[in-house]
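An overview of the molecular structure
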Amino acid sequence: NAGVMQNPRHLVRRRGQEARLRCSPMKGHSHVYWYRQLPEEGLKFMVYLQKENIIDESGMPKERFSAEFPKEGPSILRIQQVVRGDSAAYFCASSQGSARDLFFGPGTRLTVL
Amino acid sequence: AQRVTQPEKLLSVFKGAPVELKCNYSYSGSPELFWYVQYSRQRLQLLLRHISRESIKGFTADLNKGETSFHLKKPFAQEEDSAMYYCALSLTDSWGKLQFGAGTQVVVTP
């Protein structure tokens, strides 16, 4: 089992461009979580998804950010019209169920120029 | 509002010395607390959860509801314990929706 996969590992975007971050959960895991880590801070919860459903998006900024977890394929975190403040490490985690241990991916480091 | 505080950004200890990482939380409900660890160039991984009352790699953590603390302790630090440690609080019944502290960097010197 390769574990949670995220790509790209590093992403550079100019202000106003779109960023797409991908997350493939561990085999057998149907619960996906996205977190953001700003410099010198802890991870902040963004969104919790199950296949084809957003369960909890209380941590997502109201604008420009969206997430999906389609029936087939990876979960996608999409940031439209990126700004410098979006520069951060974005982590994906998966689990077998809601009260089960989380397994984290290696993260995607987004830099907005 | 829920909050997790790790007051120490950096903790430097000698090999063989005891180490204690502090974690305080504020939460009105019944908390589920975790410690996560990230070794150099590795992924964030679960170290232990309070509900299991287990000892992992010699580390233990006791939930003190009176002091709203969940400090992580190890009696004899090893060099391989050098890592970033995060205390986390489950915000709901879902163990995946976590409030993380800012983390404590532990450096164990020989």
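To be clear, the structure that these remarks concern was listed above.
All of these numbers come straight from a predicted model, not from anything done at the bench.

For chain B, the helix and strand inventory stands at 0 helices and 11 strands. Starting at the N terminus and walking to the C terminus, you meet the elements of chain B as β-β-β-β-β-β-β-β-β-β-β. For a compact globule of 110 residues, the expected C-alpha radius of gyration is about 13 Å, and chain B comes in at 13 Å, within 12% of that figure. Per-residue burial for chain B yields a buried fraction of 45% across its 110 residues. Long-range contacts, defined here as pairs at least 24 residues apart, represent 58% of the contacts in chain B between residues at least 6 apart. Side-chain charges in chain B split into 13 positive and 10 negative, and the spacing between the mean points of these groups amounts to 5 Å.

Often, the extent of an interface is quoted as the loss of accessible area on bringing the components together. Across the contact, 23 residues belong to chain A and 16 residues belong to chain B. Of the roughly 1600 Å² buried where chain A meets chain B, counting both sides, 51% is carbon and sulfur surface. On the chain A side of the contact with chain B, Leu43, Asp101 and Phe104 of chain A bury the most area, a combined 30% of that side's loss. Taken together, chain A and chain B are joined by 3 salt bridges.

Attention now moves to the nonpolar core. Counting residues in each nonpolar core, the largest one holds 24 residues, and the members touching the most others are Leu21, Trp35, Leu47, Leu48, Phe70, Leu72 and Tyr85 of chain B. Where this core is concerned, the elements lending two or more residues are strand E2 (10-14), strand E3 (19-21), strand E5 (33-38), strand E6 (45-49), strand E9 (83-90) and strand E11 (104-109) of chain B. Counting residues per element, this core draws most heavily on E9 of chain B, which supplies 4 residues. Those residues within four positions of leucine 72 of chain B in sequence are excluded, and the remaining contacts are Val19, Glu20, Leu21, Trp35, Leu47, Leu48, Phe59, Thr60, Ala61 and Tyr85 of chain B. Listed in part, the 23 residues of the second largest apolar core include Leu21, Met46, Met60 and Tyr90 of chain A.

Calculation criteria
Residues numbered from 1 in each chain as written. Chains lettered and ligands numbered in written order. Predicted model: local features only at pLDDT ≥ 70, side-chain atom pairs only at ≥ 80, totals over all residues. Heavy atoms only, no water. Helix = DSSP H or I, 4+ residues; strand = E, 2+ residues; numbered from the N terminus. Rg over C-alpha atoms; globule rule 2.2 N^0.38 Å. Buried < 20%, exposed > 50% of the residue type's maximum accessible area, 1.4 Å probe, protein only. Contact = heavy atoms within 4.5 Å. Lys, Arg positive; Asp, Glu negative; His and termini not counted. Charge placed at Lys NZ, Arg CZ, Asp CG, Glu CD. Buried area = accessible area lost by both parts, 1.4 Å probe. Salt bridge = Lys/Arg side-chain N within 4 Å of Asp/Glu carboxyl O. Core = buried A, V, L, I, M, F, W, Y, C linked by side-chain atoms within 4.5 Å.

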